[in-house]
Structure formats: C-alpha cells, structure tokens
Amino acid sequence: MIKVTNLKKDFVMGEVVVHALRGVSFEVARGEFVGIMGHSGSGKSTLLRQLGLIDEPTSGEIILDNHPTHELSEKERSRFRLTRLGYIFQEFALIPELTAIENVFLPAMMRGGNHEEYYQKAEEMLRIVGLADRLNHRPAELSGGQQQRVAVARSLINSPSVLFADEPTANLDSHASQTVMDTFKNLNQTLQQTIIIVTHEPEDSQYLDRVLWMKDGRLSLKKPKI
Ligand SMILES: Nc1ncnc2c1ncn2[C@@H]1O[C@H](COP(=O)(O)OP(=O)(O)OP(=O)(O)O)[C@@H](O)[C@H]1O
Ligand SMILES: [Mg+2]
C-alpha cells in the first residue's frame, strides 16, 4: 500500500545543503503498525512529512494506495491529504473553543457532508478512543492523554488509509503515553488501521510490528549504537 523508492530530501540553507534524506526505500503493507526510530536529526520527521504529503521530496517516488503521488497536482495533493490521510502531532493542535466532538467532526465538515452522519461518526470515534463520556468537554477540561486521544479520533474521522503520528506521546507522562499507545494498538488490531509513527521512546517498540531505524538520512538494518 506504500512503496517508497530512493527518496531524497535536501534543504538548501544559503551556502549549506542539508541532506536530510539520502535515498530511502521501503514498503509498508496494509494493516501494519510501523515505527520510525533513530537519533535526533536522523531524518525521522522529514521522512514522515514526505510520506504524509505535507512536504515534497527533492527526488524519489512515493506510491500511496497505488497512486504515484509525485504525479498529483497541488490541488489533488490537498484533496488526497484530507480524504485519505490522518495526522497526529506532538502538540495536539485542538481548537480550544470547540468541544471534543466538534474538534473531531471538523475535518468531515470541511470535506462536506451530512451533519447527522458526521456527528454520529465523531461520536463513534470518540467511543473507540475511550472518550464516549467527554463529548462536550473543551480541550482545557481534558487531561493531556485525553486531548491526544481526541486528536486521534479526529485523525480517523475521514477513515484514512494511513495514520501518521510524529512523537504523539512526547508531551505526555508515562501513564498517558500508555493510554495513547494502547489506543493506536487497538485501532490497528480492530480496524486493521495502517499506522506509521515516529517515536523516541524505546518502550513503544513493544506495540509495533516493525521498526524502520533511521541513521543520518538513511535506513539502517539494525538499531544504531548510541
Ligand atoms: N525545514 C528545514 N530546513 C532546513 N533543515 C531542516 C529542515 N527540517 C529539518 N532539517 C534538517 O534535516 C535533518 C533531519 O531533521 P528531522 O527533523 O527530520 O530529524 P528528526 O530525526 O525528526 O529529529 P528529532 O528526533 O530531533 O525530531 C536535521 O539535520 C535538520 O536540521
Ligand atoms: Mg522529529
């Protein structure tokens, strides 16, 4: 479902060129829960941003759901992001004035659709992440782990084929991190949701089917030495 071939990303900073990705190739099958791990600066977030079509690679190919993504126009890319991909960030990025359920159905509303249908779907997603009793709470009235689970529910509202998460537990204590990782595992197992997550936490590896280790912009076959 995802096929990446010789992906490169350079950042040109005046006279200096940073080779953030130096030729990365791999495949991910539908229903896999994959982690991207490696040292700070090794290119994890850069890789995730290219996969999630948030940024454009310097060269190389990413095929998502049989679509060669480099052939999409800017408009098609936006549509692809909204309708097929889900994102969870380190800082939950919820809208403070909106309730949990309003935050969750917002991407479905943007896509256009029937209010009753997306309200019901949002309710179901909040139930799946264990927040059926928090529908009308605003973000400030929720714990960090609960806020991140609202963000997870929001990322699922348009039934994305892939969920991308960049260090989703970095701002959480260990208990809240565990509830968020348990939520991902549950989604992966019950909905066969494909998930690609960047994480620094060694204990997260127990949840993953597979780890892609990054080292200096390349994939490394084994865990890099500290
Ligand atoms: N927008 C940018 N402009 C210039 N250089 C960048 C940009 N984004 C990332 N880089 C550089 O690319 C390299 C990889 O960065 P990246 O953010 O992918 O690392 P990371 O593995 O996610 O690190 P961390 O674990 O600290 O989040 C780094 O050397 C970084 O300085
Ligand atoms: Mg990063």
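Residues numbered from 1 in each chain as written. Chains lettered and ligands numbered in written order. Predicted model: local features only at pLDDT ≥ 70, side-chain atom pairs only at ≥ 80, totals over all residues.

Novice: Could you give me a rundown of the overall build of the protein, with the residues and numbers involved?
Specialist: The helix and strand inventory of the protein stands at 6 helices and 10 strands. Overall, the protein is about 50 × 40 × 35 Å in size when its C-alpha atoms are taken along their principal axes. A separation threshold of at least 6 residues defines the contact pool for the protein, and within that pool the share at least 24 residues apart is 71%. (Helix = DSSP H or I, 4+ residues; strand = E, 2+ residues; numbered from the N terminus. Contact = placed C-beta atoms within 7 Å.)

Novice: So what's going on with the sheet that holds strand 3 (residues 33-38)? Residues and values would help.
Specialist: Spatial ordering of the open sheet is given by 6-7-8-3-9-10, a layout of 6 strands whose pairing is mixed. The sheet is open, and its two edges are formed by strand 6 (85-88) and strand 10 (218-220), each paired on a single side. Strand-to-strand, the axes of this sheet are offset by a mean angle of 25 degrees, without reference to chain direction. Bridging between strand 6 and strand 7 (residues 162-166) involves 4 bridges; their strand directions are parallel. Among the inter-strand pairings, Ile88 is bridged to a residue of strand 7, identified as Ala165. (Pairing = 2+ DSSP bridges. Axes fitted to C-alpha atoms, helices over the stretch in contact; angles between N-to-C directions.)

Novice: Please give an account of the pairing of strand 9 (residues 210-215) that cites residues and values.
Specialist: Note that strand 3 and strand 9 share 5 bridges and pair parallel. Note on strand 9: the bridge partner recorded for Gly35 is Val211. Both strand 9 and strand 10 contribute to a ladder of 3 bridges, which runs antiparallel. Looking across to strand 10, one finds that Lys215 is bridged to Arg218.

Novice: Talk me through the environment of Thr99; I want residue IDs and the actual numbers.
Specialist: Looking at the element boundaries, Thr99 is found in the loop between strand 6 and helix 3 (100-111). Linking Thr99 and Glu116, residues 17 residues apart in sequence, is a C-alpha distance of 16 Å. In contact with Thr99, not counting residues within four places along its chain, are Leu135, Asn136, His137 and Arg138.

Novice: Which residues make up the nonpolar core, and what are the values?
Specialist: Grouped together as the largest cluster of nonpolar side chains are 54 residues, with contacts concentrated most on Val104, Leu126, Ala153, Phe164 and Ile196. Residues within four places of Ala153 in sequence aside, it is in contact with Val104, Met125, Leu126, Val129 and Leu131. (Core = buried A, V, L, I, M, F, W, Y, C linked by C-beta atoms within 7 Å. Buried ≥ 20, exposed ≤ 12 C-beta atoms within 10 Å, placed from the backbone.)

Novice: Describe in detail the sheet that holds strand 1 (residues 2-13), supporting the description with residues and values.
Specialist: The 4 strands lie next to each other as 2-1-4-5, forming an open sheet whose pairing is antiparallel. Lying at the two open borders of the sheet, with one neighbouring strand each, are strand 2 (16-28) and strand 5 (67-68). When strand 1 meets strand 2, the two strands line up antiparallel, connected through 10 bridges. Opposite Lys9, over in strand 2, you have Leu21 as the bridge partner.

Novice: Could you give me a rundown of helix 3, with the residues and numbers involved?
Specialist: Within helix 3 the residues assigned to the buried category are Ala100, Ile101, Asn103, Val104, Phe105, Pro107 and Ala108. For helix 3, the elements touching its buried residues are helix 2 (74-84), helix 4 (115-128) and helix 5 (144-156). Just downstream of helix 3, Gly112 is the residue with a positive phi angle, here 90 degrees.

Novice: Lay out the packing of helix 3 against helix 4 in plain terms, naming residues and giving numbers.
Specialist: Between helix 3 and helix 4, the least distance of the axes is 9 Å, while the angle of their chain directions is 125 degrees. With respect to each other, helix 3 and helix 4 are oriented oblique. In this structure, helix 3 meets helix 4 at a crossing whose hand is right-handed. On the side of helix 3, the interface is formed by Ala100, Ile101, Val104, Phe105, Ala108 and Met109, while helix 4 contributes Tyr118, Tyr119, Lys121, Ala122, Glu123, Met125 and Leu126. (Parallel < 35°, antiparallel > 145°, perpendicular 65-115°, else oblique. Left-handed = near helix turned anticlockwise from the far one by under 90°.)

Novice: Outline helix 5, listing residues and values.
Specialist: The first and last C-alpha atoms of helix 5 sit 19 Å apart over 13 residues, in line with the 18 Å expected at 1.5 Å per residue. Burial analysis of helix 5 places 11 of its 13 residues in the buried class, the great majority of the element. Where helix 5 is buried, its residues meet strand 6, helix 3, helix 4, strand 7 and helix 6 (174-190). (Expected span 1.5 Å × (residues − 1).)

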